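Coordinates in review
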Amino acid sequence: MNYFSSNFKLGILGGGQLGKMLLNDTRKFDIYTSVLDASKDAPCKIASNEFHLGDLMDYDKVYNFGKQVDVLTIEIENVNVDALEALEKEGIKVYPASKTLRTIQNKAKQKLFYVDNGLPTAPFSRFAYTSEIKEAVNNGGLQLPFVWKSAQFGYDGTGVKIVKTIQDLEELPNVECIAETLVPFKNELAVIVARNASGETKSFPVVEMEFHPEANQVEYVICPARISEVVAKRAEAIALATSKAFNHVGLLAVEMFQTQDDTILINEVAPRPHNSGHHTIESSYTSQFEQHLRAILDLPLGNTDSKVGGVMVNLVGAEGYTGNVIYQNIEAIMEMEGVTPHIYGKKQTRPFRKMGHVTIVNANLGEARRIAEDVKNTIKVISE
């Protein structure tokens, strides 16, 4: 099929920053794009060929949008899966598949999928309601502390809570959830796997993620991860096995824990471009966004090797600031060696909102990490 400078139309559900970065590559290849998002100010609005307003959970909006495109992909998981299933039955190519999304959207189903497919993950219990957990703790069926996760629609620190006392349960919503054993890990790792419809598979090098202690958001992504080759190979093998189990087409980001004894456990997955792969724009031969396009269009996959060491810093709204955004001291970081800021195009900032990221590349990874710290301490996302 001719995708380039042709009548082919790629549909993208979601118009946020991941979509915006994906559109850099559709424009590079001159692939015609149509985007659906609920916000008239979505970052994708200016870069897509067509922009449609609509709720991604609305069956009719998603179905009618999907009928107008040749291939449909996502940049966010929270979309109407029933509409995707109907489109698949009518011959529209949907990547990731509705079946995969149905599993991944619900954390309880996602965890059961790992167990059923012999993929390593932390032990867990599932509950129809949070209120049932108290009983399980009281009768000895569940030990404190544990990690509470909302089964539906949790992301970036929302829908996740470490429960240390019974009182901690009081402030949680009474929803379907899982209680997961608190894993004493020494590293959080991620591997992004790309697979096209023909079954060609490639993975990017393992990255390690350093988290913000309060916000439960990634602060730094470091590539390559500072781990032994044995652990890296193990993590990569588990990520490839996970992609294969889902029979996935597109990108699959597999987030993992490296425990104290170097066991690798899957935390969760994202079937799309991912925060842990943003550094690839500057540091890899093929960016994760170009690779996602190659995979969903069944084109040959690109080289995933790193050209240089890379560290990514998330730019999030500073606490105490809400309103029209200002990137304070951005000129100062642009003077630093190997520093590239990416601004997502969100006009309004609020505390901890993802507003952009900065990539630091350097042949010396330690130096890149040091500059990343300077970047983090210099630039501030504030408001007027």
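Anything mentioned here points back to the structure above.
Residues numbered from 1 in each chain as written. Predicted model: local features only at pLDDT ≥ 70, side-chain atom pairs only at ≥ 80, totals over all residues. Heavy atoms only, no water.

Looking at the packing of helix H3 (residues 81-89) against helix H4 (residues 98-105)
How two helices pack is summed up by the angle between their axes together with the distance between the axes. Applicable threshold: Interaxial angles span 0 to 180 degrees and are taken between N-to-C directions of axes, which are lines fitted to C-alpha atoms, for helices over the stretch in contact. The numbering of helices and of strands both runs from the N terminus, where a helix is a DSSP run of H or I of at least 4 residues and a strand a run of E of at least 2. Orientation categories follow fixed angle ranges, with anything under 35 degrees roughly parallel, anything over 145 roughly antiparallel, 65 to 115 roughly perpendicular, and all other angles oblique. Should the near helix be turned anticlockwise from the far one by less than a right angle, the crossing is left-handed, and should it be turned clockwise, the crossing is right-handed. Any two residues having at least one pair of non-hydrogen atoms within 4.5 Å are treated as being in contact. Any residue that is not Ala, Val, Leu, Ile, Met, Phe, Trp, Tyr, Cys, Pro, Asp, Glu, Lys or Arg is counted as polar, Gly included; the first ten are nonpolar and the last four charged.
The contact between H3 and H4 brings their axes to 9 Å, and the two run at 165°. Between H3 and H4, the crossing angle belongs to the class labelled roughly antiparallel. The chirality of how H3 crosses H4 is left-handed. Every residue of H4 that contacts H3 at Val81, Asp82, Leu84, Glu85 and Glu88 is listed here: Ser98, Leu101, Arg102 and Gln105. Each residue belonging to the contact of H3 with H4 can be placed in one class, and the counts come to three nonpolar, two polar and four charged.

Re the pairing of strand S20 (residues 354-362)
Under the convention used in this document: Think of it in three bands: residues with accessible area under 20% of the maximum for their type are buried, residues over 50% are exposed, and the middle band is partly exposed, with areas taken using a 1.4 Å probe on protein chains only. At least two bridges found by DSSP between two strands is the condition for calling them paired.
Burial analysis of S20 places nine of its nine residues in the buried class, the great majority of the element. Pairing of strand S16 (residues 309-316) with S20 involves eight bridges; the strand directions are antiparallel. Each residue of the ladder has a partner; that of valine 313, found in S20, is valine 358.

Quick look at the packing of aromatic side chains
The criterion, for reference: Each Phe, Tyr or Trp ring (for Trp, its six-membered ring) is paired with any other whose centre lies within 6.5 Å, and the angle between the two planes then decides the class: stacked below 30 degrees, edge-to-face above 60, tilted in between. Counted as over-ring charges are cases with an Arg CZ or a Lys NZ within 6 Å of the ring centre that also lie within 35 degrees of the ring normal.
A full pass over the atoms with the stated rule returns seven aromatic pairs. A ring pair is formed by tyrosine 59 and tyrosine 63, whose centres lie 6.0 Å apart and whose planes are at 10°; its orientation type is stacked. With tyrosine 59 and tyrosine 63 both in helix H2 (residues 59-66) and four residues apart, this pair spans about one turn of that helix. You can call tyrosine 59 partly exposed: its relative accessible area is 34%. Considering the side-chain rings of phenylalanine 113 and phenylalanine 246, the 4.0 Å spacing of their centres and the 10° angle between planes classify their relative orientation as stacked. Taken together, the positions of phenylalanine 113 in helix H5 (residues 107-116) and phenylalanine 246 in helix H7 (residues 229-246) put the pair 133 residues apart, joining distant regions of the chain. Taken individually, phenylalanine 113 and phenylalanine 246 each receive the classification buried, so the pair is uniform in this respect. Aromatic rings pair up to connect Tyr3, Phe4, Phe8 and Phe29 into one cluster. Across the ring face of phenylalanine 29, the terminal group of lysine 28 is positioned such that the distance to the ring centre comes to 5.4 Å.

Digging into the pattern of salt bridges
Oppositely charged side chains may form a pair once their charged atoms are brought near each other. This is how it is decided: By salt bridge we mean one thing: a side-chain nitrogen of Lys or Arg within 4 Å of a carboxyl oxygen of Asp or Glu.
In this structure the tally under the stated criterion is 25 salt bridges. We note a salt bridge from lysine 40 to aspartate 41, for which the minimum N-O separation is 3.6 Å. Take lysine 40: its relative accessible area is 53%, and that puts it in the exposed class. In this structure, aspartate 374 engages arginine 370 in a salt bridge whose closest nitrogen and oxygen atoms are separated by 3.0 Å. In this pair, aspartate 374 and arginine 370 both sit in helix H11 (residues 365-378), four residues apart, roughly one turn of the helix. Taking the relative accessible area as the measure of exposure, aspartate 374 reaches 31% and is therefore partly exposed. Salt bridges sharing common partners tie together Glu208, Glu210, Arg226, Arg369 and Glu373.

What about the nonpolar core?
Rule in force here: Put simply, buried Ala, Val, Leu, Ile, Met, Phe, Trp, Tyr and Cys residues joined by side-chain atoms within 4.5 Å make one nonpolar core.
Leu189, Val206, Met256 and Val269 are the most contacted members of the largest nonpolar core, which has 22 residues in total. For this core, the elements supplying multiple residues, two or more each, are H5, strand S10 (185-195), H7, strand S14 (250-259) and strand S15 (264-270). In terms of residues, this core owes the most to one element, H7, which gives six residues. Ignoring any residue separated from it by four or fewer positions in sequence, one finds methionine 256 in contact with Asn187, Glu188, Leu189, Ala190, Val191, Ala235, Ile238, Ala239, Ile264, Leu265, Ile266 and Asn267. With 21 residues, the next largest nonpolar core counts Leu10, Met21, Leu23 and Ile31 among its residues.

Focus on the sheet that holds strand S8 (residues 160-163)
Here we have four strands laid out as an open sheet, ordered S6-S9-S7-S8, and antiparallel in their pairing. Edge positions in the open sheet fall to strand S6 (124-127) and S8, since each of these has one partner strand only. Averaged over all neighbouring strand pairs, the angle between strand axes comes to 20°, with direction disregarded. Examined bridge by bridge, strand S7 (residues 146-150) and S8 share four bridges and lie antiparallel to one another. When the sheet's bridge partners are listed, valine 147 is paired in S8 with isoleucine 162. Sheet strands in contact with H5 are S6, S7 and strand S9 (177-181), and its direction is about 140° off that of S6.

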